[in-house]
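Coordinates in review
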Amino acid sequence: MSLKLEGKVALVTGSGRGIGRAVALKLASEGARVVVNDLDEAPAREVVDELRAGGSEAVACVGSVTAPDFPERFVGAATQAFGGLDIVVNNAGYVWDGVIQKMTDEQWATILDVHLGAPFRILRAAQPVIRALARADAEQGRRVVRKVVNISSVAGVFGNAGQANYAAAKAGIIGVTRTLAKEWGRLAVTVNCVAFGLISTRLVVSTAEKVSAHIDGRDIPVGVNAELFDAMKRSIPLGRAGTPEEAAGAVYLFCIPESDYVSGQTLLCTGGLTGI
Ligand SMILES: NC(=O)c1ccc[n+]([C@@H]2O[C@H](COP(=O)([O-])OP(=O)(O)OC[C@H]3O[C@@H](n4cnc5c(N)ncnc54)[C@H](O)[C@@H]3O)[C@@H](O)[C@H]2O)c1
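Before going into details, it helps to say that this report is about the structure given with it. (Residues numbered from 1 in each chain as written. Predicted model: local features only at pLDDT ≥ 70, side-chain atom pairs only at ≥ 80, totals over all residues. Heavy atoms only, no water.)

A few points about the sheet that holds strand E3 (residues 58-62)
- As summarised here, the arrangement of the 7 strands in space is E3-E2-E1-E4-E5-E6-E11, forming an open sheet in which the pairing is parallel. Of all strands in the sheet, those with a lone pairing partner are E3 and strand E11 (266-269), marking the two edges. When the angles between neighbouring strand axes are averaged without regard to direction, this sheet yields 20°.
- Where strand E1 (residues 9-12) and strand E2 (residues 33-38) come together, 4 bridges link them in parallel fashion. Each bridged residue has a counterpart across the sheet, and for leucine 11 the counterpart in E2 is valine 35.
- Lying over the sheet, helix H6 (residues 164-183) contacts strand E5 (146-153), strand E6 (189-196) and E11, oriented at roughly 155° with respect to E5. (Pairing = 2+ DSSP bridges. Helix = DSSP H or I, 4+ residues; strand = E, 2+ residues; numbered from the N terminus. Axes fitted to C-alpha atoms, helices over the stretch in contact; angles between N-to-C directions. Contact = heavy atoms within 4.5 Å.)

Spelled out as structure tokens, the structure:
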């Protein structure tokens, strides 16, 4: 049986952990060659090792998506290692919450940059490569559809108290998605968005005590207080948080040939939640 993504070259930001890791594994399980990125070197290398151990081709491109040289390095890693670029998943990021009267300019700018500025710069850097590949495909009579999947959140679609920065960025990426769907249609690229609800990763782990993670040089509070977590779960029609593998399934839908005529869309992957 042929694999759905045989030979495709996929770039996944923030794929050392959580949803991004599950996306990298899922795409590779269907034959994609993967450029794994993460801020943290060890988890990125572990995912590359895991993919290679499973017989897939993978390389790491370690570093922050917000670094000025990152977009060129990331796109270059794909073309140098695999000679192509078929799928881009803009997933990396984290939250740095606060009510508006306590949110600093740094908090605002940092979260806007990681969730919106970085995907913009990555896609801008990918454009000339995609254009050249699309031209070569056309000249040789090949029909190839490339895919961009941007990651949003219910916070971006519905708003969420304490997350003005994150909600603005995650709403913004939906605008970028709809715009690029229009700009890149002529390059045979579909551009879609997946907005997650509650997915069980370290970002939203249910916790009795305050916990933090060292992210991009800062200690960022992560996790959701256990009572709030239970209340969130109760509001989800399916009655539970999603797994990273289920989240990856929604991203995968936009990467396979069956979705070649779907573009500019935002898919809610929320266990049935249609508002918060
Ligand atoms: N977990 C949820 O419930 C949920 C809900 C809605 C949206 N999301 C979004 O899904 C995406 C993945 O989140 P997750 O839940 O898997 O979190 P996670 O913390 O488990 O994984 C995110 C990964 O991204 C990496 N990362 C963070 N900042 C980075 C940067 N600047 N450059 C490179 N890598 C970076 C982290 O090191 C980490 O390995 C994020 O965009 C997040 O906003 C998650």
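Continuing now.
Here's the deal with unusual backbone geometry
- Residues other than glycine seldom take positive phi values, yet alanine 188 does so here, at roughly 60°.
- Along the chain, alanine 188 falls in the loop between H6 and E6.
- A positive phi angle is found at aspartate 216, which is not glycine, with a value near 50°.
- By relative accessible area, which is 32% here, aspartate 216 ends up partly exposed. (Buried < 20%, exposed > 50% of the residue type's maximum accessible area, 1.4 Å probe, protein only.)

A look at the pairing of E5
- Burial analysis of E5 places 8 of its 8 residues in the buried class, the great majority of the element.
- Of the two faces of E5, the one carrying Arg146, Val148, Asn150 and Ser152 and the one carrying Lys147, Val149, Ile151 and Ser153 are both buried.
- Taken together, the 4 bridges between strand E4 (residues 87-90) and E5 define a ladder with parallel strand orientation. Residue pairing across strands places valine 88 opposite valine 148, the latter belonging to E5.

Focus: the packing of helix H3 (residues 70-82) against helix H4 (residues 105-139)
- Where H3 meets H4, the closest approach of the two axes is 8 Å, and the angle between their N-to-C directions is 45°. With respect to each other, H3 and H4 are oriented oblique. Pair H3 / H4 crosses with right-handed handedness. Residue-level inspection shows Phe70, Pro71, Glu72, Phe74, Val75 and Thr79 of H3 in contact with H4, the latter providing Arg121, Ile122, Ala125, Ala126 and Val129.
- Of the residues assigned to the contact of H3 with H4, the class counts are 8 nonpolar, 1 polar and 2 charged. (Parallel < 35°, antiparallel > 145°, perpendicular 65-115°, else oblique. Left-handed = near helix turned anticlockwise from the far one by under 90°. Nonpolar A, V, L, I, M, F, W, Y, C, P; charged D, E, K, R; others polar.)

Quick look at H4
- With 35 residues, H4 extends 49 Å between its outermost C-alpha atoms, agreeing within 8% with the 51 Å of an ideal straight helix rising 1.5 Å per residue.
- Just past H4, the residue glycine 141 takes up positive phi, approximately 70°. (Expected span 1.5 Å × (residues − 1).)

Looking at the pattern of salt bridges
- Applying the stated criterion across every chain yields a total of 15 salt bridges.
- The salt bridge involving glutamate 41 is made with arginine 45; its shortest N-O contact spans 3.0 Å. Taken together, the positions of glutamate 41 and arginine 45, both in helix H2 (residues 41-53) and 4 residues apart, correspond to about one turn of that helix.
- By relative accessible area, which is 39% here, arginine 45 ends up partly exposed. (Salt bridge = Lys/Arg side-chain N within 4 Å of Asp/Glu carboxyl O.)

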